[in-house]
Amino acid sequence: MNAYFDNAATTKVSEKVIKGIQPYLTEQYGNPSSVYSLGRESAKAISEARAKVAKAINAEPNEIYFTGSGSESNNWALHSHQKIITSEFEHHAVLHVLKEPVLLPVYSDGIVKPIDLEKTLNDNPDVTLVSIMHANNEIGTIQPITELGKLCRERGVFFHTDAVQSVGNVPIDVKAMNVDLLSLSAHKFHGLKGAGALYVRKGVKLPAFIHGGAQEFGRRAGTENVAGIVGLGIAIEEAVSEIEDKNAELFKKRERIYDAIMQIPKVQLNGDLHNRLANNLNFSFEGIEGEALLLQLDMSGIAASSGSACTSGSLDPSHVLLALGLPHEIAHGSLRISMSKYTTDAEVDLLLEKLPAIVEKLRAMSPLWNG
Ligand SMILES: *Cc1c(COP(=O)(O)O)cnc(C)c1O
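Just so you know, these numbers come straight off a predicted model, no measurement behind them.

## Examining helix 2 (residues 37-56)
Because the α-helix completes a turn every 3.6 residues, residues three or four places apart line up on one side. Over its 20 residues, helix 2 runs 29 Å from end to end, which matches the ideal 28 Å to within 8%, given 1.5 Å per residue. Turning to helix 2, its buried residues number three or more, namely G39, S42, A45, I46, A49, R50, V53, A54 and A56. At its buried positions, helix 2 is contacted by helix 1 (15-25), strand 2 (64-67), strand 7 (181-185), helix 7 (215-218) and helix 8 (226-261). Phi for N58, located one or two positions after helix 2, is positive at around 60°.

## Brief notes about the site of the ligand
If you check the shell around the ligand, you find 13 residues, and the closest are S71, D162, Q165, S185 and K188. One nitrogen or oxygen atom from the side chain of H187 is found 2.9 Å from an oxygen atom belonging to the ligand. Contact distances for the ligand include 2.7 Å between an oxygen atom and a side-chain N or O atom of K188. Out of a free accessible area of 380 Å², the ligand has 89% covered by protein chains. For the shell around the ligand, the leading source of residues is helix 3 (residues 70-78), giving three residues.

## Some words on the sheet that holds strand 12 (residues 334-338)
Read from one edge of the open sheet, three strands run 9-10-12, paired in antiparallel fashion. A single partner strand is all that each edge strand has here, and the edge strands are strand 9 (267-269) and strand 12. Direction aside, neighbouring strands of the sheet carry axes that sit 25° apart on average. Here strand 9 runs beside strand 10 (residues 280-285); their pairing, made up of three bridges, is antiparallel.

Rules of the game
Residues numbered from 1 in each chain as written. Predicted model: local features only at pLDDT ≥ 70, side-chain atom pairs only at ≥ 80, totals over all residues. Heavy atoms only, no water. Helix = DSSP H or I, 4+ residues; strand = E, 2+ residues; numbered from the N terminus. Expected span 1.5 Å × (residues − 1). Buried < 20%, exposed > 50% of the residue type's maximum accessible area, 1.4 Å probe, protein only. Contact = heavy atoms within 4.5 Å. Near = heavy atom within 4 Å. Polar contact = N/O pair within 3.5 Å; in protein donor to acceptor, adjacent residues only side chain to side chain. Areas by Shrake-Rupley, 256 points an atom, 1.4 Å probe, with all protein chains shown as cover. Pairing = 2+ DSSP bridges. Axes fitted to C-alpha atoms, helices over the stretch in contact; angles between N-to-C directions.

No statement about biological role is implied by the geometric values presented.
Dropping the structure here:
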């Protein structure tokens, strides 16, 4: 038996998506820019997907631009601005774009405080854009986007939110939330990898990002990923319609996991428990190396993630956990558990059966542990 607890990294593609994209992988291969009917069918499919994405976040179809990923959407939203305020715990697809960002703190609860944004906006009148993520990808904490957006709107500063983790998990209304730009990515809500979108509120100036053909209203050239875009439309419609029922189930599973793991000695939850995605838990275990924990879990058939897992091969702990004020050695011993609608009680059983014994075994071998 295997258990998958890494849905913040990517999710399983839904059956509806697989079925719905089938024609665009086989007979409906026309180029959407072509005038003959095979091409027009593809163009029509894209415009239907655009309407679905718009409806899911209360936008207009001509405010939705398809991109190749959530990372691209973030890069695009930021690239024409010189002075930007963001937070210390944004995704790298925001932080690595910026040369000299003004950084807001997030504190131990993992929440950006509107009062800090207000002060920082007042101290930096040359700022033209603020970018604060909706839900954090490591600790799942949900930011007060409506209030943050309001502060920006009052000052005529553009407001972008990276909503890659929250779309399909919490309801989104770009109008009510005072958002000017919003990033999303299909593979985080059971669509395909390589298909994202950027919402750009009408009236917000945004220069073209990829130059060439006239695709995406002349602002993002390149023949469209038709199957990916069709899949994105199906996935977002499906995910948004299921939010309430799904979260009711996830809250039950999350409570079970939380109660059981908090029984382990010297463990802490990272980030606020309540302002948090229903599918996310992130713990630190004293005296443990996150990488070792992941390998042990993998040997038991359990996939999860750790803040110390680093694609660059360095063993620097997660910038997110450091931003919460965690000491390096505690940040190193972290475990992210992220669920989806496909997570079963049997998977939770397996996790709760294996994890306490693995923690005990690793601590017994650890020079860091003197408990
Ligand atoms: C996954 C993720 C991204 C990147 O999205 P891709 O489509 O994988 O490029 C950006 N921001 C957050 C918060 C994410 O979770």
